[in-house]
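Examining the three-dimensional arrangement
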Amino acid sequence: MLNKVKNTIEKYNMLQKSERILVGLSGGADSVSLLLCLKELGYKVSACHINHQLRGDESLRDEHFCINLCEKLCIPIEVHRIDVKGYCKLKSCSLEEGARKLRYDVFSSIDTDKIATAHSLSDCFETLLFNLVRGTGLKGLCSIPPMRDNIVRPLIDCSRDNIIAFLESRNQEFVTDSTNLQDEYSRNKIRLNVVPVFSQINPSLFSTFKNTLDNLKSDEQYIEMQVSELIKKAQTDDGYYADILDSVHDSLKKRAIAVILDKRDIRYSFEKINEVALLLKNGGKINLQSDKFAICENNIFSIKTIRTEKIKPVCIAAEIDVSYDFFGRTVTLEKIAYKSANIHKMLAKKPFDYDKIKGKLFIRNRKNGDKIRLCNRSFTSSVKKLFYENVPLANRDKTVILCDDDGVVWIEGFGCAERVKIDDNTKNILICKIS
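Residues numbered from 1 in each chain as written. Predicted model: local features only at pLDDT ≥ 70, side-chain atom pairs only at ≥ 80, totals over all residues. Heavy atoms only, no water.

1. Comments concerning the sheet that holds strand 12 (residues 323-326)
The sheet built from 4 strands is open, its strands ordered 12-13-21-14 with antiparallel pairing. In this open sheet, the two strands that pair with only one neighbour each are strand 12 and strand 14 (352-353). (Pairing = 2+ DSSP bridges. Helix = DSSP H or I, 4+ residues; strand = E, 2+ residues; numbered from the N terminus.)

Following this line, the structure appears as structure tokens:
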């Protein structure tokens, strides 16, 4: 294994003997073997242990193990305790996501040349399967990169069996995170249940996977090089020539769009990439995120920030057959007996059951936290998400919303909530007229 690590470092030009290398040390088999390998190969190593404070006494056990190991090896170590639960509650993110963010924040705060993490070939295989299940492209199939900025992964060509064998040859102990033995998490389900089946089908699973991974990475590098050349060729002072971006195969075009959006820190989806690709061909403007727009005019594709006026919250206690001004439009609520209504002519206005309204009725614009289970849908959606996907930015704060004491009952352009829909017992309907 020592030779594998040495060859990996040389292949990717990961490390220089003059550099200071910080090893992320959890105390598990992977990170312990990484620490030993780098020390035996003559690198200037130090360690950092992050206590996530998620497993009580077991977390303390891991912390003490890492301190004792580094004392034994005469390797400097820093120990940091982080409040993952508190951070995740504040940021409304998963424990895994929060722990990773805080962990790398600590690593980045330490004065060092390179940060070495213990991701292995086995981790790459699990990540590939995880990405595949969620949906991915070639980049996702390439799994974990060997290097990213100043973060290096010297064990990336070593399987977990290689690692265990190496530690046994050194008679070196390690600790085991008990949560890794539970299949409650998606990644653990893959590791504990899926990978063993694949290994039965192909006993040489990881050696053949490494060859596949090398082929995928080679293809990915070539495509990235072509995309870089395309962007360079299309770039102008004002943006990018749309016809140049649109002239290539979809594979390169959509990659180029993703790179351009990523440079502007714009989150994108498969659907949004396709929208921008059509924009290159047809011209026009689409909202990408918040106040950022993709614009294509006169053969120039660009991304611009367009500030829209901040609309003050409006909330009107509404009465039947009274007209109200709502941002220059007239809103009137009309109550009609269901039996006398020509419901077919009114369907476009999306009427709903008046008698199912709880308490008072209000006409207002959107506000944070609005949710609605639309008629004939089995799930609740946030109004924010509905608007982001369907309503132009400039119109979002001027879209009419009706609500009662229990929340949103009707949204302009979407219709009513499931709880107020018309049924066989309906006696009166309400129509919101906007002109």
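Next comes the rest of the description.
2. Some thoughts on the pairing of strand 12
What you see with strand 12 is a clean split: Tyr324 and Phe326 sit on the buried side and Ser323 and Asp325 on the side with no burial. For strand 12 and strand 13 (residues 329-337), the ladder comprises 4 bridges, and the chain directions are antiparallel. Note that in strand 13 the partner of tyrosine 324 across the bridge is valine 331. Counting the residues between successive antiparallel strands, the hairpin from strand 12 to strand 13 contains 2 residues, one of them, phenylalanine 327, with a positive phi of roughly 55°. (Buried < 20%, exposed > 50% of the residue type's maximum accessible area, 1.4 Å probe, protein only.)

3. Side note on the packing of aromatic side chains
The full count for this structure, using the stated rule, is 7 aromatic pairs. Ring pairs connect the aromatic residues Phe125, Phe198, Phe206 and Phe209, which therefore count as one cluster. The ring of phenylalanine 293 is capped by lysine 285, whose NZ or CZ atom sits 5.3 Å from the centre of that ring. (Phe/Tyr/Trp six-rings, centres within 6.5 Å; stacked < 30°, edge-to-face > 60°. Lys NZ or Arg CZ within 6 Å of the ring centre and 35° of its normal.)

4. What about the pairing of strand 1 (residues 20-24)?
Burial analysis of strand 1 places 4 of its 5 residues in the buried class, which makes it a mostly covered element. For strand 1 and strand 4 (residues 114-116), the ladder comprises 3 bridges, and the chain directions are parallel. Residue pairing across strands places isoleucine 21 opposite lysine 114, the latter belonging to strand 4.

5. Some remarks on unusual backbone geometry
At cysteine 74, a position not held by glycine, the phi torsion is positive, near 60°. Counting through the fold element by element, cysteine 74 comes out in the loop between helix 3 (57-73) and strand 3 (77-81). In the Ramachandran plot, serine 92 falls in the positive-phi region, its phi being about 55° despite a non-glycine side chain. By the element assignment, serine 92 lies in the loop between helix 4 (84-91) and helix 5 (95-109). Since its relative accessible area comes to 69%, serine 92 is described here as exposed.

Interpretation in functional terms is not warranted from these geometric data alone.
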